[in-house]
Amino acid sequence: EKLLLREQLWQSGTELQQQADFCSDLGSSACSLLWSCSSKEDTVTHWLTEGKLPSFLAVAAQTLESFVTSLDENAKTETEDHDSHEHQFVLALAGIITNMAAVPCGRDFLSSSSQAMLDTLMKMLELMKPGIFPKLKVLMLMALYNISISIKGLKYISANPGLLPLIWTLLEDTDWKVCHHSLRLLQSVLLEEEALPSLGSLLDPGLLARVSQLTSSTQPALRLAAQQTLEDLQALHQGRGSLEEAASGLDAD
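Please read these numbers as outputs of a predicted model, since none were measured by experiment.

Undergrad: What's the story with the overall build of the chain in this structure? I'm lost.
TA: Along the backbone of the chain there are 14 helices and 0 strands. In sequence order, the chain lays out its α and β elements as α-α-α-α-α-α-α-α-α-α-α-α-α-α. Here the chain holds 253 residues, and the buried ones make up 40% of them.

Right, here's the structure in full:
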């Protein structure tokens, strides 16, 4: 009888795993189709009109968070899991969000009605260690960059005290594309004075040194972005110095 129960238990476990694999495969395929469709502005507009996006984004945020927090980074690597249904599923979810943020109506919606998703993206990027799933990191960074095109979106993410430490950490990533898109996000933050976070962090010698180091990259796109960002940071540093000198002069008078 015990052997029979054990066999039934094993069979049930096998069936459950098969069902889980099927659901993962189906989810990956469906989200890949949605990712492709979301590249068209009319599609995003239609989704907003139907009013179905809030529930979708809630599930997407939960799925992304579950995936990242469950990573066993000592055992899992990008090479091993790069083609898994689970990985393709979360890549497609992140791609949909990135495409949504690429169009004005989608940006506005995410900035005003789905700020929890923006918080989730920043939180997940913070949790992922260097070299782990760079494609997913790049999509998340692209989404945040697209959001930053909107003044409202830029002000929201810039108000997060963890944004600059996050960018600084990502600039140390071993994947050059992650560094490149981190610089693009930093450039966007630097362009809008009203949204500038703590100047102290931006003028930290360590950040300047890292960006300067990236200007010697062998990757042309990364090298150019680093050169532009370094110029922006140096201009900001000079502007801060001029303000301090002016303030000192007023105190002396």
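So, next bit.
Undergrad: Could you clarify how one ought to interpret the confidence of the model for the chain in this entry?
TA: Low-pLDDT stretches of the model should not have their predicted coordinates read in fine detail. Of all residues in the chain, 80% attain a pLDDT of 70 or more, and the chain-wide mean is 83. Mean pLDDT per element in the chain: helix H4 (residues 78–81) is the minimum at 50, and helix H8 (residues 134–148) is the maximum at 96. A low-confidence stretch, residues 74–80 (pLDDT under 50), is modelled with 9 contacts involving residues beyond four sequence positions or located in other chains.

Undergrad: What is the right way to look at the packing of H8 against helix H9 (residues 151–158) in this model?
TA: Between two packed helices, both the angle of their axes relative to each other and the distance between the axes serve to describe the pair. Running from N to C, H8 and H9 point in directions that differ by 125 degrees, and their axes come no closer than 6 Å. Between H8 and H9, the angle falls in the class oblique. Contacts from Leu 144, Ile 147 and Ser 148 of H8 reach H9 at Gly 153, Leu 154 and Ile 157. Residue composition of the contact of H8 with H9, grouped by class: 4 nonpolar, 2 polar and no charged.

Undergrad: Looking at this structure, how should I read unusual backbone geometry?
TA: In terms of backbone geometry, most residues other than glycine have negative phi values and most peptide bonds are trans. Residue Phe 133 is not a glycine yet carries a positive backbone phi of 45 degrees. For Phe 133, the location among the structural elements is in the loop between helix H7 (115–127) and H8. Taking relative accessible area as the criterion, Phe 133 reaches 0% and is therefore assigned buried.

Undergrad: Sorry, what's going on with the packing of aromatic side chains here?
TA: Aromatic rings in a pair are described by how distant their centres are and how their planes are angled relative to each other. Counted according to the given criterion, the structure contains 1 aromatic pair. A centroid spacing of 5.4 Å and a plane angle of 65 degrees characterise the contact between Phe 67 and Phe 133, whose relative ring orientation is edge-to-face. Note that Phe 67 is positioned in helix H3 (residues 53–69) and Phe 133 in the loop between H7 and H8, a separation of 66 residues in sequence. No difference in accessibility class separates Phe 67 from Phe 133, as the two residues are buried. The ring of Tyr 145 is capped by Arg 184, whose NZ or CZ atom sits 4.0 Å from the centre of that ring.

Undergrad: Any chance you could explain the packing of helix H6 (residues 104–113) against H7 here in plain terms?
TA: At a minimum axis distance of 5 Å, the contact between H6 and H7 shows a crossing angle of 85 degrees. With respect to their mutual orientation, H6 and H7 come out roughly perpendicular. On the side of H6, the interface is formed by Leu 110, Ser 111, Ser 112 and Ser 113, while H7 contributes Gln 115, Met 117 and Leu 118. Residues that form the contact of H6 with H7 fall into these classes: 3 nonpolar, 4 polar and no charged.

Undergrad: Honestly, the side chain of Gln 187 in this entry has me stumped. Any pointers?
TA: Mapped onto the elements of the fold, Gln 187 is located in helix H11 (residues 176–191). With relative accessibility at 14%, the residue Gln 187 sits in the buried group. In terms of polar contacts, Gln 187 uses its side chain to reach the side chain of Gln 228, at 3.1 Å. Once residues within four sequence positions are removed from consideration, Gln 187 is found in contact with Ala 225, Gln 228, Thr 229 and Asp 232.

Undergrad: Before we go on, may I ask you to explain the environment of Ser 29 in this structure?
TA: Positionally, Ser 29 belongs in helix H1 (residues 2–37). On the basis of relative accessible area, Ser 29 is assigned to the partly exposed category, the value being 38%. Measuring from C-alpha to C-alpha, the distance between Ser 29 and Ala 92 comes to 9.0 Å, with 63 residues separating the pair along the chain.

Undergrad: Sorry if this is basic, but what is going on with the nonpolar core here?
TA: Formed by 67 residues in total, the largest nonpolar core has its most connected members in Ile 97, Leu 110, Met 117, Leu 121, Leu 136, Leu 183 and Val 211. Broken down by element, the residue count for this core peaks at 9 residues, all from helix H5 (residues 85–101). If near-sequence neighbours (up to four positions away) are discounted, Leu 136 is found in contact with Leu 64, Phe 67, Val 68, Val 90, Leu 91, Ala 94 and Met 128.

Undergrad: Help me out: how do you make sense of the pattern of salt bridges in this one?
TA: Pairing is possible between side chains of opposite charge, provided their charged atoms come close. Inspection of every chain in the model, using the stated rule, returns 3 salt bridges. Here Glu 65 and Lys 123 are joined by a salt bridge, their closest N and O atoms 2.7 Å apart. Note that Glu 65 is positioned in helix H3 and Lys 123 in helix H7, a separation of 58 residues in sequence. The partly exposed category is assigned to Glu 65, whose relative accessible area is 26%. For the salt bridge of Arg 210 with Glu 172, the shortest nitrogen-to-oxygen distance reads 3.8 Å. Of this pair, Arg 210 sits in helix H13 (residues 205–214) while Glu 172 sits in the loop between helix H10 (163–170) and H11, and the two are 38 residues apart along the sequence. In this structure Glu 172 comes out as partly exposed when scored by relative accessible area, which is 44%.

Cut-off values and rules
Residues numbered from 1 in each chain as written. Predicted model: local features only at pLDDT ≥ 70, side-chain atom pairs only at ≥ 80, totals over all residues. Heavy atoms only, no water. Helix = DSSP H or I, 4+ residues; strand = E, 2+ residues; numbered from the N terminus. Buried < 20%, exposed > 50% of the residue type's maximum accessible area, 1.4 Å probe, protein only. pLDDT = per-residue confidence, 0-100. Contact = heavy atoms within 4.5 Å. Axes fitted to C-alpha atoms, helices over the stretch in contact; angles between N-to-C directions. Parallel < 35°, antiparallel > 145°, perpendicular 65-115°, else oblique. Nonpolar A, V, L, I, M, F, W, Y, C, P; charged D, E, K, R; others polar. Phe/Tyr/Trp six-rings, centres within 6.5 Å; stacked < 30°, edge-to-face > 60°. Lys NZ or Arg CZ within 6 Å of the ring centre and 35° of its normal. Polar contact = N/O pair within 3.5 Å; in protein donor to acceptor, adjacent residues only side chain to side chain. Core = buried A, V, L, I, M, F, W, Y, C linked by side-chain atoms within 4.5 Å. Salt bridge = Lys/Arg side-chain N within 4 Å of Asp/Glu carboxyl O.

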